[in-house]
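Take a look at the letters that make up each chain.
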Amino acid sequence: MKAGAGGDEGGALDWAGRVRYGLDAVREIVGKVWPYVLAGIAVGAGIHGWVPTNFMAAFMGKGVWWGVPVAVLIGIPMYSNAAGIIPIVEALLEKGAALGTVLAFMMAVIGLSFPETIILRKVLRPRLIATFVGVVGVGILIVGFLFNAMF
C-alpha cells in the first residue's frame with residue numbers, strides 16, 4: 001500500500017498498520033450496515049410470525065400476474081442493502097411468495113430505492129436518472145416475470 005492510501009503519512013504500511021487499517025475499515029462497514037441487518041431481521045421475523053401464508057400467496061403468489069409490478073412499487077420507497085433484505089426475502093419465500101416476485105422486490109429495494117435516486121441526483125441529470133430507473137425497472141420486471149414462469 002502506498003503512503004496516504006490507508007490514511008498513514010509515512011511510507012508503505014507495515015503489517016501492523018495494514019491490520020489496523022483493515023480493522024478500521026471493517027468497523028466502519030459494520031457500523032453502517034448493522035441497523036439495516038437488524039431492521040431486515042425484525043421485518044422478516046414479523047412476516048414469518050404474524051403474516052398468514054394464504055395472505056402472502058394471495059398477493060405475491062405465482063398465479064398473481066400483478067404481483068411483480070406491485071412488489072417493485074412496494075420496494076422503491078424502501079431502502080436497504082443486500083444483507084438487510086435477505087431475512088425479508090427468506091420469510092416471503094417461506095410464506096408462499098413466488099420466487100420471481102420476491103427477486104423483483106429485492107432488486108427494487110436495492111437498485112431502485114427512492115433514497116438511491118436522491119443520491120444519484122447529486123451527480124446525474126434528471127433525464128439520465130429517469131432513463132436509469134426506466135431501464136433498470138423494465139429489467140427487474142422481466143426478471144420477475146421470467147422467474148415466475150420458469151419456477
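Residues numbered from 1 in each chain as written. Predicted model: local features only at pLDDT ≥ 70, side-chain atom pairs only at ≥ 80, totals over all residues. Heavy atoms only, no water.

Draft legend 1. Quick peek at helix H1 (residues 15-50). Given a rise of 1.5 Å per residue, 36 residues ought to cover 52 Å, and the 50 Å separating the end C-alpha atoms of H1 matches this to within 8%. Of all the bends in H1, the largest measures some 35 degrees and sits at valine 33, one to four residues before the proline proline 35. Those residues of H1 that fall on the buried side of the exposure criterion are Gly17, Gly40, Gly44, Gly46 and Ile47. (Helix = DSSP H or I, 4+ residues; strand = E, 2+ residues; numbered from the N terminus. Expected span 1.5 Å × (residues − 1). Bend = angle between axes of the 7 residues up to and from the residue. Buried < 20%, exposed > 50% of the residue type's maximum accessible area, 1.4 Å probe, protein only.)

Draft legend 2. Spatial organisation of the nonpolar core. In terms of nonpolar packing, the biggest core is built from 15 residues, with Ile47, Met56, Met60, Ile85, Ile88, Leu92 and Phe105 touching the most fellow members. Where this core is concerned, the elements lending two or more residues are helix H2 (53-60), helix H4 (82-94) and helix H5 (99-111). When residues in this core are grouped by element, the largest group, five residues, is from H4. With near-sequence residues (within four places) excluded, methionine 60 lies in contact with Ala71, Leu92, Gly96, Ala97, Ala98 and Thr101. (Core = buried A, V, L, I, M, F, W, Y, C linked by side-chain atoms within 4.5 Å. Contact = heavy atoms within 4.5 Å.)

Draft legend 3. How the structure looks around the side chain of threonine 101. Mapped onto the elements of the fold, threonine 101 is located in helix H5. Within the structure, the side chain of threonine 101 is placed 3.0 Å from the side chain of asparagine 148, a separation counted as a polar contact. In contact with threonine 101, other than residues within four places in its own chain, are Met60, Gly67, Val68, Ala71, Gly144 and Asn148. (Polar contact = N/O pair within 3.5 Å; in protein donor to acceptor, adjacent residues only side chain to side chain.)

Draft legend 4. Seen up close, the packing of H4 against H5. Running from N to C, H4 and H5 point in directions that differ by 160 degrees, and their axes come no closer than 10 Å. In terms of their interaxial angle, H4 and H5 are classed as roughly antiparallel. In the packing of H4 onto H5, the handedness of the crossing is right-handed. Contacts between H4 and H5 involve Ala82, Ile85, Ile86, Ile88, Val89, Leu92 and Leu93 from the former and Leu99, Val102, Phe105, Met106, Val109 and Ile110 from the latter. Residues belonging to the contact of H4 with H5 are distributed by class as follows: 13 nonpolar, no polar and no charged. (Axes fitted to C-alpha atoms, helices over the stretch in contact; angles between N-to-C directions. Parallel < 35°, antiparallel > 145°, perpendicular 65-115°, else oblique. Left-handed = near helix turned anticlockwise from the far one by under 90°. Nonpolar A, V, L, I, M, F, W, Y, C, P; charged D, E, K, R; others polar.)

Draft legend 5. Geometry of the environment of proline 115. Looking at the secondary structure, you find proline 115 in helix H6 (residues 114-120). The class of proline 115 is partly exposed, set by a relative accessible area of 28%. Between the alpha carbons of proline 115 and serine 80 there is a distance of 9.7 Å; along the sequence they are 35 residues apart. Residues in contact with proline 115, not counting those within four places in the same chain, are Ile76, Pro77, Met78 and Tyr79.

Draft legend 6. Just the pattern of salt bridges, in detail. Considering all chains together, one arrives at two salt bridges under this definition. Measuring nitrogen to oxygen at the nearest pair gives 2.9 Å for the salt bridge that ties aspartate 24 to arginine 27. Of this pair, aspartate 24 and arginine 27 both sit in helix H1, three residues apart, which is roughly one turn of the helix. Given the relative accessible area of 44%, aspartate 24 is considered partly exposed. Residue lysine 32 pairs with glutamate 28 through a salt bridge whose shortest N-O separation is 3.3 Å. Taken together, the residues lysine 32 and glutamate 28, both in helix H1 and four residues apart, mark about one turn of the helix. Owing to a relative accessible area of 53%, lysine 32 belongs among the exposed residues under this scheme. Given the relative accessible area of 48%, glutamate 28 is considered partly exposed. (Salt bridge = Lys/Arg side-chain N within 4 Å of Asp/Glu carboxyl O.)

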